[in-house]
Amino acid sequence: MMNGVVRDEGVIQNRECESGLDPTEVYEDGRPKRTGTVWTVTAHIVTVVVGFGVLSLPWGMAELGWVAGVATLLLFAIITFYTSSLLAEGYKSPLTAKRNYTYMLAVKTTLGGKMYMVCGLVQYAIMIGSIIGFTLTASISMEAIQKSNCYHKSGHNASSCTHFSHKPYMIGMGILEILLSQIPKIDHVWWLSILATLTSFGYSFMGIGLALATIILGHGKRTSVTGIEVGRSPGITPAQKIWRMFRALGNIALAYSYSLVLIEIQNTMKSSETEIKEMKRANMAGVLITTALYLSCACFGYAAFGNNAPGNMLTGFGFYEPFWLIDLANIFIVLHLLGAYQVLAQPIFSVVESHARRRWPESKFVTEEYPVVVGIGINNGNGNGNGNGNGNSMMSINLFRLSWRSLFVGFVTLVAMAFPYFNELLGLLGAISYWPLTVYFPVKMYIAQNKITPTTTTTTPSSSISWFGLQILNFVCVGSTPFVTNPLGYPSGGTYSQEYHALP
């Protein structure tokens, strides 16, 4: 296999796509041609956004109440769409029209090296943290299937059904992700994103349907305008009420966070004169879809469970029957998280492997690709594409990619086994990630690229208004950062007891 090498922004790239693409199927910069559309990009966005956070929204509504809960969901949707549209503008440098292939590169090009380092630390820490959360949640869903079957056979109050462990399922999740992680690039997992998007809709609608059925049957629990009430809810003090509200805000913030991989997702879109406009359309479609889903899940779930909503609507056993539907919903959760794991992991894999190729360009262990025929594929008629012209599907194996990605997945799995919490982890990630990646960097880059200043000139009469408006947005959103600084070992009202012990 020929390995021509080109340099782009100091990063050595294989001229031939790592999965066996024909060398003619590349752009002038030596990178594989992007084939994504508005629909595939929207699927990537929904895959990342509609994650495990959707299942905690009824709990968040219970903490905030009807007014603040709905208002918070809508506010975060508007902010996320607006700042994501600003970030989409940063994909291409305005003066040179050169592409920024990653979030970090966009920050480096626009804001300089110091901000580049800060962005990198925040972005990859949050991506790894989210992947740990995916591993944890998928294993909890697998355990929930085992519990659901046990409760169906032994009764809803059977104590023998409370002693299962989800750690063996984490190991199984890790083994499966090691295999999926050998897919070389993010734009090669489009089919996994489509599957994950469909399954996310599946389990979300199942949860909504079960909640709606509970309401129609007249079994809905008490709700209130302000959520859980001090004095009426057992063990809730004013201080605990405030902390729980902050945690709920962090959960909702995390539920909308996808800016950390937005540039990488945008880089899969087919090159055209209108690609930035198409990316904004994909942003709008993704945010509208998820907001409609979130509102339905949060409102119906809260109406069904009331102020005692569990931390996870499907694994916290707010529902026991029909058990087969609970099982199917949790299977869908696992399938969705398998795809979301890859969407977030692929950019991490890419940056490490690009650095390795730059550091050891002559090492066969790092750069050599070994083509493998994996079975019957689709022949496009001209011998090009993901095939060898004879209908056989081609892929390639790289020893460095195989070893490093396997070690990464193993590390993530071990760390996940040390976090037996759900909502606390959600809130912590939401607090850390939402403001810097979703608001601060997109706003700062937009101001720098468009030369928006706090002073008004004859050529830019609205510049000062725009500058002050963006700064106000930045200042308001920075408040989300300390929302969930509560440690993981929160003494009471924690979600661990809700998910594993409290039976309605």
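What counts and how
- Residues numbered from 1 in each chain as written.
- Predicted model: local features only at pLDDT ≥ 70, side-chain atom pairs only at ≥ 80, totals over all residues.
- Heavy atoms only, no water.
- Core = buried A, V, L, I, M, F, W, Y, C linked by side-chain atoms within 4.5 Å.
- Buried < 20%, exposed > 50% of the residue type's maximum accessible area, 1.4 Å probe, protein only.
- Helix = DSSP H or I, 4+ residues; strand = E, 2+ residues; numbered from the N terminus.
- Contact = heavy atoms within 4.5 Å.
- Phe/Tyr/Trp six-rings, centres within 6.5 Å; stacked < 30°, edge-to-face > 60°.
- Lys NZ or Arg CZ within 6 Å of the ring centre and 35° of its normal.
- Axes fitted to C-alpha atoms, helices over the stretch in contact; angles between N-to-C directions.
- Parallel < 35°, antiparallel > 145°, perpendicular 65-115°, else oblique.
- Nonpolar A, V, L, I, M, F, W, Y, C, P; charged D, E, K, R; others polar.
- Salt bridge = Lys/Arg side-chain N within 4 Å of Asp/Glu carboxyl O.
- pLDDT = per-residue confidence, 0-100.
- Expected span 1.5 Å × (residues − 1).

A. The arrangement of the nonpolar core in detail. If you look at the biggest cluster of nonpolar residues, it comprises 104 residues, and the most contacted ones within it are V54, Y103, I131, Y203, Y294, Y341 and F408. Among the elements that take part in this core, helix α10 (residues 323-359) stands out by supplying 15 residues, more than any other. Beyond its immediate chain neighbours, meaning those up to four positions away, F408 contacts I128, I131, I348 and F349. Membership of the second largest hydrophobic core comes to five residues, among which are C150, Y151, C161 and Y320.

B. Broad picture of the packing of aromatic side chains. Counted by the stated rule, this structure contains eleven aromatic pairs. Plain terms: the ring middles of W435 and Y440 are 5.1 Å apart, the flat faces sit at 45° to each other, and that makes the pair tilted. Taken together, Y103, W435, Y440 and F441 form an aromatic cluster joined through their ring pairs. The positively charged end of K108 is found above the aromatic ring belonging to Y116, 5.0 Å away from the centroid.

C. Here's a closer look at the packing of helix α1 (residues 38-49) against α10. As a packed pair, α1 and α10 sit with axes 9 Å apart at the nearest point and diverge in direction by 110°. In this view, α1 runs roughly perpendicular relative to α10, as classed from their interaxial angle. Residues H44, V46, T47 and V48 of α1 touch α10, and the partners they reach there are H336, G339, A340, V343 and L344. Along the lines of polarity and charge, the residues of the contact of α1 with α10 split into five nonpolar, four polar and no charged.

D. Representation of the pattern of salt bridges. A full pass over the atoms with the stated rule returns eight salt bridges. Residue E63 is joined to R244 by a salt bridge in which the shortest nitrogen-to-oxygen separation is 2.8 Å. Here E63 is found in helix α2 (residues 57-89), whereas its partner R244 is found in helix α7 (residues 238-255), with 181 residues between them in sequence. Residue classification places R244 among the buried positions, given a relative accessible area of 7%. K147 serves as the salt-bridge partner of E143, at 3.5 Å between the closest nitrogen and oxygen. With E143 and K147 both in helix α4 (residues 113-154), this residue pair falls four residues apart, about one helical turn. One exposure class covers both E143 and K147, and it is buried. Here the salt bridges do not stand alone but share partners, grouping K92, R99 and E275 into one network.

E. Summary view of the environment of V54. Secondary-structure assignment places V54 in the loop between α1 and α2. On a C-alpha basis, the gap between V54 and N312 in space is 8.7 Å, while along the polypeptide they are 258 residues apart. Once residues within four sequence positions are removed from consideration, V54 is found in contact with Y203, S204, Y294 and C297.

F. Expanded view of the confidence of the model for the protein. Here the protein averages 77 in pLDDT, while 76% of its residues score no lower than 70. Confidence scores differ between elements of the protein, with helix α15 (residues 495-500) showing the lowest mean pLDDT of 33 and helix α12 (residues 399-416) the highest of 92. Counted against residues more than four places away or in other chains, residues 376-385, with its pLDDT under 50, gives 17 contacts. Below pLDDT 50 for its whole length, residues 483-504 participates in 56 contacts with residues either more than four positions away or in separate chains.

G. A look at unusual backbone geometry. Of note, the phi angle at K451 is positive, near 50°, even though the residue is not glycine. Take K451: it is sitting in the loop between α13 (423-449) and α14 (463-477). The exposure class assigned to K451 is exposed, which follows from its relative accessible area of 60%.

H. Helix α6 (residues 190-216), seen in detail. Taking 1.5 Å as the rise per residue, α6 with 27 residues should run 39 Å; its terminal C-alpha atoms sit 38 Å apart, in good agreement. Directly beyond the C-terminal end of α6, a positive phi value near 80° is found at G218.

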